[in-house]
Amino acid sequence: MKGLFFIVTIVIFAGATSASAQSATKYFINNREIAPESVFYFNQNDIDSIRQFVDTDTNVVFYTHRPEKILSYHQLLDLHLINKSARNLQVDLSEATNIKSPEKLVFSVDRVLYVSIIYRRPVNTKSVWIASTYESWDQKSEKGSLLSKLRRRFNNLK
Amino acid sequence: MIMKGMRYYVVLLMLFFAHGVCSAQTPTLPDTNYRRPYLLIDGKRADPLSLMVLDKEDIRSLVVLSPEQALKYGKENTRFGAVEITTLHPKEILNFKQLLKFFLFKKEAAKLSFVVYFGFSDDFLSPLDKELFMASLSKVQSMYMGKHYEKDFKLFLSKRYIDESKTKKNVLLDSLVQSLGMEARRRVPKDREIIIR
């Protein structure tokens, strides 16, 4: 009985530790915090370098000197001629659904294929769907392989 | 010699005149693939592509008229007959401007070319007059701005497929929808055709 209690405690502790480690990873573009799902929408050429800093938290920072090529979620809606009422709708991406903080999403302009307003029946609700173009990250380059790793890491967290 | 040369000029002039008379008599149609009937919804003219996205549940009656019977609506645009539709739920059928508003697009989006996308790959067509285009809300899956093989952005309406019963009215509408689908397939450029063996 004692042994069982010990094992259960260890399992719970390990689970809690890994969960806190996962949630502690923050993503930035230059000095701005972004939603982790943004990694799916980066064009490799728009990113100069990627650095990972591990302290109490893990911070992944994407550096760019072409910030005009990276759009915020609201700028993306504007570009696709969608009005401000859509900002409150649920957001789904090609790779991830029901994004928690869509206002923190950022996108390379070329990686967005289209932004669609979907009408769901019979519930009669609307949502935003952002479709991405085919990714062309160069796996041999440091940036490309790191982007792929981050993507895989994010997929594993789902 | 001069007389012989003059004869050619006279023949050419006559041909040119005949061509002018013929084109004045022929209604202006976009191209030879165009086979769309004249459409009336609740007595008002609508773009025939609307047939693609009308929900059978919203239709009270559907009457197909032959080109001869359709002459009452004038010679122009009735070459392929006419379709008269009366609706059950007119509020559920939106025009182009209402669709833009419902799908949260800005007013500038109205200036874009408009395309109805109703299947896979190349299954899309444009209305002749988007201002006359109408769609049942239940038949619209989504709207978006995209390129789809083209250079310029266009506004797309994507059709929703619903399982429907096979009543006489439904079968009639299905055959009209199929003929529009065939038009889309005829328009596919040869280099984009996919052959399934």
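Summary of the structure given here. Computed from a predicted structure; not experimentally measured.

A look at the overall build of chain B
Here comes step 1: Tallying secondary structure elements over chain B gives three helices and 10 strands in all.
Here comes step 2: Start at the N end of chain B and walk to the C end: the helices and strands fall as α-β-β-β-β-β-α-β-β-β-β-β-α.
Here comes step 3: For chain B, the proportion of its 197 residues judged to be buried stands at 41%.
Here comes step 4: A sequence separation of at least 24 residues applies to 68% of the contacts in chain B between residues at least 6 apart.
Here comes step 5: Of the roughly 12,300 Å² of accessible surface on chain B, 60% is carried by carbon and sulfur atoms.

Let's talk about the overall build of chain A
Here comes step 1: Scanning chain A from terminus to terminus reveals three helices and nine strands.
Here comes step 2: Traced from its N-terminal end to its C-terminal end, chain A shows the element sequence α-β-β-β-β-β-α-β-β-β-β-α.
Here comes step 3: Buried residues in chain A amount to 42% of all 158 residues.
Here comes step 4: Surface summary for chain A: the accessible area is close to 9,100 Å², and the carbon and sulfur share equals 56%.

Things to note about the nonpolar core
General note: in soluble globular proteins, nonpolar side chains tend to be found buried as a group.
Here comes step 1: Ranked by size, the top nonpolar core spans 62 residues in total, and within it A:V128 and A:I130 carry the most contacts.
Here comes step 2: Counting residues per element, this core draws most heavily on helix α3 (residues 168-187) of chain B, at five residues.
Here comes step 3: Each residue touching A:I130, except ones within four places of it in the same chain, is listed here: A:Y41, A:Y73, A:L76, A:V91, A:D92, A:L93, A:S94, A:F107, A:V112, A:Y114 and A:V115.
Here comes step 4: With 13 residues, the next largest nonpolar core counts A:Y27, A:F42, A:I70 and A:L147 among its residues.

Section: the pairing of strand β4 (residues 82-87) of chain B
Residues and elements named next belong to chain B.
Here comes step 1: Within β4, five of the six residues are buried, which leaves the element mostly enclosed by the surrounding structure.
Here comes step 2: Here strand β1 (residues 38-41) runs beside β4; their pairing, made up of four bridges, is parallel. In the strand pairing of β4, Y38 is matched with A82.
Here comes step 3: Two elements, strand β3 (residues 59-65) and β4, share six bridges in a ladder whose sense is antiparallel. Following the sheet pairing, L62 is matched in β4 by I85.

Points about the sheet that holds strand β7 (residues 124-125) of chain B
Here comes step 1: Spatially, β6(A)-β9(A)-β8(A)-β9(B)-β10(B)-β6(B)-β7(B) is the arrangement adopted by the seven strands of the open sheet, whose pairing is mixed. Single-partner strands in this sheet number two, and they are β6 (90-93) of chain A together with β7 of chain B.
Here comes step 2: Strand direction decides the pairing type here: strand β6 (residues 113-117) of chain B and β7(B), joined by two bridges, are antiparallel. Along β7(B), the bridge assignment pairs B:Y117 with B:F124.

So, the sheet that holds strand β3 (residues 49-54) of chain A
Residues and elements named next belong to chain A.
Here comes step 1: Strand order in the open sheet formed by four strands is β2-β1-β4-β3, and the pairing between neighbours is mixed. Every interior strand has two partners, whereas the edge strands, β2 (32-34) and β3, have only one. Neighbour-to-neighbour, the strand axes of the sheet open up by a mean angle of 30 degrees, direction not taken into account.
Here comes step 2: Pairing of strand β1 (residues 25-29) with strand β4 (residues 58-63), which is carried by five bridges, proceeds in the parallel orientation. Its bridge partner lying in β4, I29 is registered against F62.

Here's the deal with the pairing of strand β10 (residues 154-159) of chain B
Residue and element names in this part refer to chain B.
Here comes step 1: Of all six residues in β10, six are buried, a share of seventy percent or more.
Here comes step 2: Judged from the six bridges that link them, strand β9 (residues 140-146) and β10 form a sheet pairing that is antiparallel. The residue of β10 that forms the bridge with M145 is L155.

A few points about the side chain of A:T25
Here comes step 1: Counting through the fold element by element, A:T25 comes out in strand β1.
Here comes step 2: Beyond its immediate sequence surroundings of up to four residues, A:T25 is in contact with A:T58, A:V60 and A:R153.

Points about the pattern of salt bridges
Oppositely charged side chains may form a pair once their charged atoms are brought near each other.
Here comes step 1: Under the counting rule described, the total for this entry stands at seven salt bridges over all chains.
Here comes step 2: Note that A:D92 is salt-bridged to A:R120, the shortest N-O span being 3.0 Å. Taken together, the positions of A:D92 in strand β6 and A:R120 in strand β8 (residues 112-120) put the pair 28 residues apart, joining distant regions of the chain.
Here comes step 3: Look at A:D92 and you get buried, because its relative accessible area is 3%.
Here comes step 4: The closest approach of N and O atoms between B:D123 and B:R185, which form a salt bridge, is 3.3 Å. In this pair, B:D123 sits in the loop between β6 and β7 while B:R185 sits in helix α3, placing the two residues 62 residues apart along the sequence.

Cut-offs applied
Residues numbered from 1 in each chain as written. Chains lettered and ligands numbered in written order. Predicted model: local features only at pLDDT ≥ 70, side-chain atom pairs only at ≥ 80, totals over all residues. Heavy atoms only, no water. Helix = DSSP H or I, 4+ residues; strand = E, 2+ residues; numbered from the N terminus. Buried < 20%, exposed > 50% of the residue type's maximum accessible area, 1.4 Å probe, protein only. Contact = heavy atoms within 4.5 Å. Areas by Shrake-Rupley, 256 points an atom, 1.4 Å probe, with all protein chains shown as cover. Core = buried A, V, L, I, M, F, W, Y, C linked by side-chain atoms within 4.5 Å. Pairing = 2+ DSSP bridges. Axes fitted to C-alpha atoms, helices over the stretch in contact; angles between N-to-C directions. Salt bridge = Lys/Arg side-chain N within 4 Å of Asp/Glu carboxyl O.

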